[in-house]
Amino acid sequence: MLDAAPEPVGASGLILNEPPLWERGRTGRSAISVPNPGVPSSPMPQDVAGDGPDWPDLSELEVVRHYTRLSTWNFGVDTGMYPLGSCTMKYNPKVHEALAALPGFTRAHPLLPAEASQGALRLIHETERLLADVVGLREASLQPAAGAHGELCGMLMIAAYHRHHKTGKTKVLVPDTAHGTNPATAAMCGFSEVKVPLGPDGRIEVPAVADLLDDDVAAIMVTNPNTLGIFESNLPEISRMLHERGALVYGDGANLNAVMGRVDMDKMGVDVIHYNLHKSMSTPHGGGGPGSGPVAVGERLVPYLPGPRVVKTADGSFAWNDDLPLSIGRLHAFHGQFGIFLRAYAYLLSLGKDLPQASGFAVLAANYVQEKLKDAYDLPFAGRCMHECVFTDAKQREFKISTLDIAKRLIDLGYHPPTIYFPLVVNGAIMIEPTETESKEELDGFIAAMRRIAQEAAGEPDVLHAAPALTKVGRLDETAAARKPKLTGDMGQDA
Ligand SMILES: *Cc1c(COP(=O)(O)O)cnc(C)c1O
């Protein structure tokens, strides 16, 4: 691309080409200009310098432009709507970032003795209390560092409970709709997985669980609302059946954004739940950034929580307690992802009693999108949804248009695509989670783009097959990109 007649940078609207710095450098160019020191220059001896590192010679402006341009290639919630179902890509208020950057917190060392870190301990203690209250459970632990890590923590506690009670139970029930991490976690904790089939309206049915329930079942893992965005309204009855047989209930709370402060998990029979603070409580996420997956437990599992735990002493100060004989022990070096607790704490305190309202708006936004699109796209499960709605490409297939084509065309129309082909139980799934932070105008813009695509599918399907047409690169060979990553220059060739 760059050899013969390079496309002039800036000649294609705002889509700037950016070669690797090595192609931009010119021998002898320099980023600094200092007065001649007036002493003879003395080159570094060859035996010391060797061939030297292969740095390109660049001016300061070239370096600044290079990195600034690269930064504009990113897409994030701060750039535009990001309706990625199951991921809760909502806007995170900047004031929480400012609070998390306070030097008193960022400079605190985890090895400081309790006397010298009372503020940090208090923050951990109060965040645990607030989180437990949001779901109506007894106690919480902030140690797990991600959703899947919270699952591991919860299932290790369930395994410890069964070991302690010598039940010998070996199986875990996992619904068809579960996130892939659920069966993986059950297996890591030594259980075998038994799949629970989905009922006709997208929920788990009591008879399906009753059929599978025997004395070997140690627990069920239920995501509520589930990955179809549907509330598992049979859970209280299912929990009752499991408890009767001495089994426990794991609640995958990654979809908490639909029910914050609105559902009493204790009354639903949930023994342990994990949160994804990076999804629902104001931590920017994506790209593998830091997460946090605290757990909360009901009475049965309190003794098994990870340790050490922060306790409030009689004089009102905070201390570490590691006298926890039944604890599953540590799950994290030090105390978890502290910077993320700060954001969650700020988020919970700033919303206060309005927290349930945030979930209300998230559910309203998803139902609005579902209503406005249900004549244009196939809706596999009718009825109200929770925080996300799931469509398929069934109506577009007759025009040879697939979910992938729809997603790629959305990019041309200025929207990040929703989650596609997940959950796996829905053929050609398009899973849209608008979140509570988008305005009605923004939702209307997204709806208009989706409706336009449905029209194009019928009238001009070639436009969809050629999409995205307005990006730097078109459709990538995603398999080759993962299997044969190209980590050096030459990006223009076939990228
Ligand atoms: C995101 C998610 C997880 C996993 O959370 P991570 O933080 O990515 O490990 C688990 N279950 C459900 C339902 C999820 O949506």
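Here, the structure is the one placed above.
In this report, the structure presented in the accompanying data block is examined.

Rules behind the numbers
- Residues numbered from 1 in each chain as written.
- Predicted model: local features only at pLDDT ≥ 70, side-chain atom pairs only at ≥ 80, totals over all residues.
- Heavy atoms only, no water.
- Phe/Tyr/Trp six-rings, centres within 6.5 Å; stacked < 30°, edge-to-face > 60°.
- Helix = DSSP H or I, 4+ residues; strand = E, 2+ residues; numbered from the N terminus.
- Buried < 20%, exposed > 50% of the residue type's maximum accessible area, 1.4 Å probe, protein only.
- Pairing = 2+ DSSP bridges.
- Axes fitted to C-alpha atoms, helices over the stretch in contact; angles between N-to-C directions.
- Contact = heavy atoms within 4.5 Å.
- Salt bridge = Lys/Arg side-chain N within 4 Å of Asp/Glu carboxyl O.
- Core = buried A, V, L, I, M, F, W, Y, C linked by side-chain atoms within 4.5 Å.
- Near = heavy atom within 4 Å.
- Polar contact = N/O pair within 3.5 Å; in protein donor to acceptor, adjacent residues only side chain to side chain.
- Areas by Shrake-Rupley, 256 points an atom, 1.4 Å probe, with all protein chains shown as cover.
- Nonpolar A, V, L, I, M, F, W, Y, C, P; charged D, E, K, R; others polar.

## Focus: the packing of aromatic side chains
What describes a pair of aromatic rings is the distance from one ring centre to the other and the angle between the planes of the rings.
Right, so step 1: Tallied over the full model, the rule gives 6 aromatic pairs.
Right, so step 2: Centre to centre, the rings of Tyr 415 and Phe 446 are 5.6 Å apart; their planes meet at 80°, and the pair counts as edge-to-face. Of this pair, Tyr 415 sits in the loop between α14 (403-412) and β11 (419-420) while Phe 446 sits in helix α15 (residues 440-459); the two residues are 31 residues apart in sequence, bridging distant segments of the chain.
Right, so step 3: Given the relative accessible area of 12%, Tyr 415 is considered buried.
Right, so step 4: Through successive ring pairs, a cluster of aromatic residues spans Phe 105, Phe 338 and Phe 341.

## Quick look at the sheet that holds strand β1 (residues 139-141)
Right, so step 1: Spatial ordering of the open sheet is given by β1-β7-β6-β5-β4-β2-β3, a layout of 7 strands whose pairing is mixed. Each edge of the open sheet carries a strand with a single partner, namely β1 and β3 (192-196). The sheet shows a mean angle of 25° between the axes of neighbouring strands, direction not considered.
Right, so step 2: Bridging between strand β6 (residues 272-275) and strand β7 (residues 295-297) involves 3 bridges; their strand directions are antiparallel. Within β7, the position partnered with His 274 by the bridge is Val 295.
Right, so step 3: Running at roughly 155° to strand β4 (residues 217-223), helix α8 (residues 181-188) makes contact with β2 (171-175), β3, β4 and β5 (248-253) of the sheet.

## Quick look at the pattern of salt bridges
Right, so step 1: Following the criterion strictly, the structure yields 28 salt bridges and no others.
Right, so step 2: Between Arg 309 and Glu 128 there is a salt bridge, with the nearest N and O atoms lying 3.5 Å from each other. One end of the pair, Arg 309, is in strand β8 (residues 309-312); the other, Glu 128, is in helix α6 (residues 118-135), with 181 residues separating them in the sequence.
Right, so step 3: Among the charged side chains, a salt-bridge network with shared partners connects Arg 409, Asp 412, Arg 452 and Glu 456.

## Structural notes on the nonpolar core
The nonpolar side chains of a soluble globular protein tend to be buried, and buried together.
Right, so step 1: Val 135, Val 209, Leu 242 and Met 281 are the most contacted members of the largest nonpolar core, which has 56 residues in total.
Right, so step 2: Every element with two or more residues in this core is listed here: α6, β3, α9 (206-212), β4, α10 (235-244), β6, α12 (338-351) and α13 (355-373).
Right, so step 3: With residues up to four places along the chain from it excluded, the contact list for Val 209 reads Leu 173, Val 196, Ile 204, Ile 220, Ile 238, Met 241 and Leu 242.
Right, so step 4: Judged by nonpolar contacts, the second largest core, of 27 residues, contains Met 155, Tyr 161, Ala 178 and Ala 219.

## Let's talk about the sheet that holds strand β12 (residues 430-432)
Right, so step 1: Taken together, the 3 strands give an open sheet; going across it, the order is β10-β12-β11, and neighbouring strands pair in antiparallel fashion. Two strands in the sheet have a free side with no partner beyond their single neighbour: β10 (389-391) and β11.
Right, so step 2: Across 2 bridges, β11 lies against β12 in antiparallel orientation. Following the sheet pairing, Thr 419 is matched in β12 by Met 431.

## What to know about the site of the ligand
Right, so step 1: Taken together, 13 residues surround the ligand, and among them Gly 147, Ala 148, Asp 252, His 278 and Lys 279 come closest.
Right, so step 2: Gly 147 places a polar main-chain atom, nitrogen or oxygen, 2.8 Å from an oxygen atom of the ligand.
Right, so step 3: Asp 252 is positioned with one of its side-chain polar atoms (N or O) 2.6 Å from a nitrogen atom of the ligand.
Right, so step 4: For the ligand, the protein covers 85% of the area, taking 390 Å² as the surface of the free molecule.
Right, so step 5: Where the shell around the ligand is concerned, the elements lending two or more residues are α7 (147-164) and α11 (277-280).
Right, so step 6: By residue number, the principal contributor to the shell around the ligand is α7, which donates 3 residues.
Right, so step 7: Each residue belonging to the shell around the ligand can be placed in one class, and the counts come to 3 nonpolar, 7 polar and 3 charged.

## Thoughts on α14
Right, so step 1: For α14, a buried count of 8 out of 10 residues is recorded, marking the element as mostly surrounded by other parts of the structure.
Right, so step 2: Listing the buried residues of α14 in full gives Thr 403, Asp 405, Ile 406, Ala 407, Lys 408, Arg 409, Leu 410 and Asp 412.
Right, so step 3: Positive phi shows up at Gly 414, right after α14, with a value of about 95°.

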